[in-house]
Amino acid sequence: MRKTYALLKQNVLALTLLFAVSITIYSCKKDSNRQETISQSDLVVLQSWFKLNATVFSSSRFKTMSPNWENIFINNQPDQTVYEITLNNPDQIFQTSKTLDKGSEKMYRNKNDIRLLIFKDKRTNHILYGAYLSIINEASSSNINLIKYKAYQNLTGKILYYNIDGSFANGWNYINGAVKNQISLSNEAAYINSNFDKLAQLSNDNYGNGRLQKESSDPCLTGIPDYGISCVGTDAYMQCSYYITGYTYINNCGGGGGLIGDTGGYTPTPIGQPHNGGGGGNSNNSNRDIIDSVQNPCIKAQLALAKSAKTTIRNMLNNEFGTNNFNERDIFFYDITTLPDTTAGTTHGNSAYSFIINLNKNTLPQRSKEYILSTIYHEVLHAYMDTQIGKDSSGKYLISNQHETMANNYILLMTGALKIAFPNLGDRDAWALSWGGLEETPFYTTMLSVTEQAEIQNLNERHKKATDANLRHGTYCN
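Residues numbered from 1 in each chain as written. Predicted model: local features only at pLDDT ≥ 70, side-chain atom pairs only at ≥ 80, totals over all residues. Heavy atoms only, no water.

**Some points on the side chain of Ser134**
Inspection of the secondary structure assignment puts Ser134 in strand E5 (residues 127-137). The exposure class assigned to Ser134 is buried, which follows from its relative accessible area of 0%. At 2.6 Å, the side chain of Ser134 and the side chain of Gln95 are in polar contact. A polar side-chain atom of Ser134 sits 3.0 Å from a polar atom in the side chain of Asn112. With residues near it in sequence (within four places) discarded, Ser134 still touches Gln95, Asn112, Asp113, Ile114, Lys158, Ile159, Leu160 and Tyr162. (Helix = DSSP H or I, 4+ residues; strand = E, 2+ residues; numbered from the N terminus. Buried < 20%, exposed > 50% of the residue type's maximum accessible area, 1.4 Å probe, protein only. Polar contact = N/O pair within 3.5 Å; in protein donor to acceptor, adjacent residues only side chain to side chain. Contact = heavy atoms within 4.5 Å.)

**Regarding the pairing of strand E8 (residues 178-185)**
Two elements, strand E7 (residues 168-175) and E8, share 5 bridges in a ladder whose sense is antiparallel. Its bridge partner lying in E8, Asn173 is registered against Asn181. Here E7 folds back onto E8 in antiparallel fashion, the turn holding 2 residues, of which Asn176 has a positive phi close to 50 degrees. (Pairing = 2+ DSSP bridges.)

**Brief notes about the packing of aromatic side chains**
Under the definition given, this model contains 14 aromatic pairs. Taking the centre distance of 5.0 Å and the plane angle of 50 degrees together, the rings of Phe119 and Tyr129 count as tilted. Highlighted residues: Phe119 in strand E4 (residues 112-121) and Tyr129 in strand E5, separated in sequence by 10 residues. The burial state of Phe119 is the same as that of Tyr129; both residues are buried. (Phe/Tyr/Trp six-rings, centres within 6.5 Å; stacked < 30°, edge-to-face > 60°.)

**Regarding the side chain of Ser374**
In this structure, Ser374 sits in helix H7 (residues 369-388). Residue Ser374 is classed as buried on the basis of its relative accessible area, which comes to 4%. If near-sequence neighbours (up to four positions away) are discounted, Ser374 is found in contact with Met414, Leu418 and Leu433.

Structure follows, in structure tokens:
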């Protein structure tokens, strides 16, 4: 009897210890996933920062979304606190990399989650910047609502980051929770040109029985559409349909150079001076009118010259894009690797108040400084003329032939600007460089003689590093 009681006592003690250990393990596991409660003072700082830094961008793709300040996840990173804030989304805006068929809208909408991120420095306790995170689930499983910043376990799909002004910053492709490659910025012109290039390469003799049947685009260059919903009718009967509100043009293969930046994380685009907000917050991706995001030092130096040389084009640039009035416009300069070798630069508008100039990072450093500056001037004039174009009653731009306008009105302007920036540049070289990119205009073919056209082509060719040193014109970067 005494022996049986002792055995029972041992068993009860063992069960008690096992239960206690289980409770401890469960409690620790529960605590690791426990959502922290944000303090009222921190919430006020976040709200103030967002009001000062995000609500000013009326053309942002996220302008109809608003933070749900009652649903904030506090994500503790080694050096930063990242506040993940769900967004009220009345227009049901969503993104997908798949083809949207009728009836599939709800499925793909549920595979995308867009949220606001606000980053705070743990050392200084100041807000650094904000961003939008778009999670696109390309697999059949994965609950994206459980996915958190830089914890993309089991995700197969895309992570896209946007600066607080709505411009694309960077992104990542994931397979089963692991980074496959990064995603970089591209543009509409590169995407369209890739389609044209592929079409030109197709042989009529062995494709479609001598007839082209479809486009075959570069798989690396793609556009991610933004979808929204529009409804008409009454409370009794409402008819809703989805429509495309815009595109994000990306290089889905990363653009080379390996994994750059914080792998899986957001890399802010440095676009000017910060706004102060909410008790000591700073944003390094806040609005600034003329934004230099060029990386190549040679191209960057010529862009700086374009902004500083006392020319009429500089005045046009500063007056149209460097003001702080109500209708201020932004112009962003990038150097990218996805433009065709035959294209030195492109200009396109993100909105009526935002323009992007992309410069060819592959080919321009192999050209003279004078040639690079002439390319920048050419694209600046495109952006300037965009600001001068009116709209029709439907809100569409009244597009004219800009190259012909440039040929008619701005050749002398560009020639004079190049001479001011480079006093030792010959008159004929400045004249020929000003014609660069205008070869397809009617003015070029009808008003210039064959001899003049040949001279323009010859002088432009002489502004290349590859040209024999005895024939080469211009000055060059090392």
